[in-house]
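Descriptive analysis of the structure
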Amino acid sequence: MSTVAPHETSVERPAPGVERLPVLLVHGIGDDASAFGALRARLEREGWRQVHAVTLTPNDGTGDLSRLARQVATEAEAMRTRTGATRVDVVGFSMGALVTRYWIQMLDGRRLARRFVSISGPHAGTWLAALGRGRGVAQMRPGSRLLRALQQDPAPWGDTEVHSFWTPWDLTILPASSSRLVGAVDERTFPVLLHPWMLTDSRVLDAVVDVLGAPAVRP
């Protein structure tokens, strides 16, 4: 696991000749596609031409996460068809990271996802979900049936390359270490004070550009 220093600004630009696949962005609870304004602008500035942020419905935690994952499946397939790409890269934030994980593991998303960047996802659950209501919120509680099913998958990723970004200071994902992903080829922590700031912090944006623009990484 690597840690990004508070003032570290080094970032590798996409390597010459490395294919820039379409990028699908999947937001968290209470958000919509606009949550990715900073990241989308950054990717487009760096040369990505196909960046799409999905808006999940419902977005308030009342919907079953497996149904939200089907929305991701539909958007990914539509993006692949629209662009002619064989595969896509996916960035998921918070609840959206867990929804994306479900798509990859349970809905054959590994067939389409080349890279999955998880940003502060509640992969082992968050105790904050105990305070909320709704089917999706309940599924984000530690030990939920959905989380157990994902954790028991013996071969979760196929050849999808997985990256896990999180902040140890997270007060939304409790404990913050729940954002770690077994099998990730790359895990980075960032000294970001608040959960939502993970989508606007320049160090995180640099890291996403670094990962999506890099040659393939093998475990």
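The structure we're discussing is the one just above.
Everything in this summary refers to the structure shown in the same document. (Residues numbered from 1 in each chain as written. Predicted model: local features only at pLDDT ≥ 70, side-chain atom pairs only at ≥ 80, totals over all residues. Heavy atoms only, no water.)

1. What to know about the packing of aromatic side chains
Basically, it comes down to this: Whether two aromatic rings pair depends on their centres lying within 6.5 Å, for rings of Phe, Tyr and Trp, where Trp uses its six-membered ring; planes under 30 degrees apart make the pair stacked, over 60 edge-to-face, and the rest tilted. Under the scheme used here, helices are H or I runs from DSSP no shorter than 4 residues and strands are E runs no shorter than 2 residues, and both carry numbers assigned from the N terminus. When the NZ atom of lysine or the CZ atom of arginine is within 6 Å of a ring's centre and also within 35 degrees of its normal, the charge is said to sit over that ring.
Tallying each qualifying case throughout the model produces 2 aromatic pairs. Their ring planes at 65° and their centres at 5.4 Å tell us that phenylalanine 165 and phenylalanine 190 sit as a pair that is edge-to-face. Of the two residues, phenylalanine 165 is situated in strand S6 (residues 161–166) and phenylalanine 190 in the loop between strand S7 (186–189) and helix H6 (202–212); the sequence distance between them amounts to 25 residues. Note that arginine 20 overlies the ring of tryptophan 48, its terminal NZ or CZ placed 5.0 Å from the centroid.

2. Describing the side chain of aspartate 89
Note the cut-off: Working definition: with a 1.4 Å probe on protein chains only, accessible area under 20% of the residue-type maximum means buried, over 50% means exposed, and in between means partly exposed. Any N or O atom pair separated by 3.5 Å or less is treated as a polar contact, with the protein-specific requirement of one donor-capable and one acceptor-capable atom, and with residues adjacent in sequence counted only for side-chain atom pairs. Contacts between residues were defined by any pair of non-hydrogen atoms, one from each residue, lying within 4.5 Å.
Within the secondary structure layout, aspartate 89 lies in strand S4 (residues 88–93). Overall, the relative accessible area of 0% leaves aspartate 89 in the buried class. At 2.6 Å, the side chain of aspartate 89 and the side chain of arginine 114 are in polar contact. Within the structure, aspartate 89 has its side chain in polar contact with the backbone nitrogen of arginine 115 (distance 3.1 Å). Ignoring anything within four residues of it in the chain, the contact list for aspartate 89 reads Leu21, Pro22, Val23, Leu24, Arg114, Arg115 and Leu212.

3. Examining the environment of alanine 129
Checked against the element boundaries, alanine 129 lands in the loop between strand S5 (113–119) and helix H4 (135–139). Overall, the relative accessible area of 7% leaves alanine 129 in the buried class. On a C-alpha basis, the gap between alanine 129 and arginine 141 in space is 5.4 Å, while along the polypeptide they are 12 residues apart. Sequence-distant contacts of alanine 129, that is, excluding residues within four places in its chain, are made with Val137, Met140 and Arg141.

4. Some words on the pattern of salt bridges
Stated precisely, the cut-off is as follows: In the sections that follow, a salt bridge refers to a side-chain nitrogen of Lys or Arg positioned within 4 Å of a carboxyl oxygen of Asp or Glu.
Counted under the stated rule, the structure contains 15 salt bridges. One salt bridge in this structure joins aspartate 186 and arginine 188, with 2.9 Å as the shortest N-O distance. The exposure class of arginine 188 is buried, given its relative accessible area of 16%. The salt bridge involving arginine 203 is made with aspartate 201; its shortest N-O contact spans 2.6 Å. By relative accessible area, aspartate 201 is classed as buried at 14%. One connected set of salt bridges, linked through shared partners, spans Glu77, Arg80, Asp108 and Arg111.

5. Considering the environment of histidine 195
Note on placement: histidine 195 falls in the loop between S7 and H6. The buried category is assigned to histidine 195, whose relative accessible area is 6%. Sequence separation of histidine 195 and glutamate 77 is 118 residues, and the distance between their C-alpha atoms is 29 Å. Once residues lying within four places of it in the same chain are set aside, the contact partners of histidine 195 are Phe93, Ser94, Ser120, Asp170, Thr172 and Ile173. One polar contact links histidine 195 to serine 94, side chain to side chain, over a distance of 2.9 Å.

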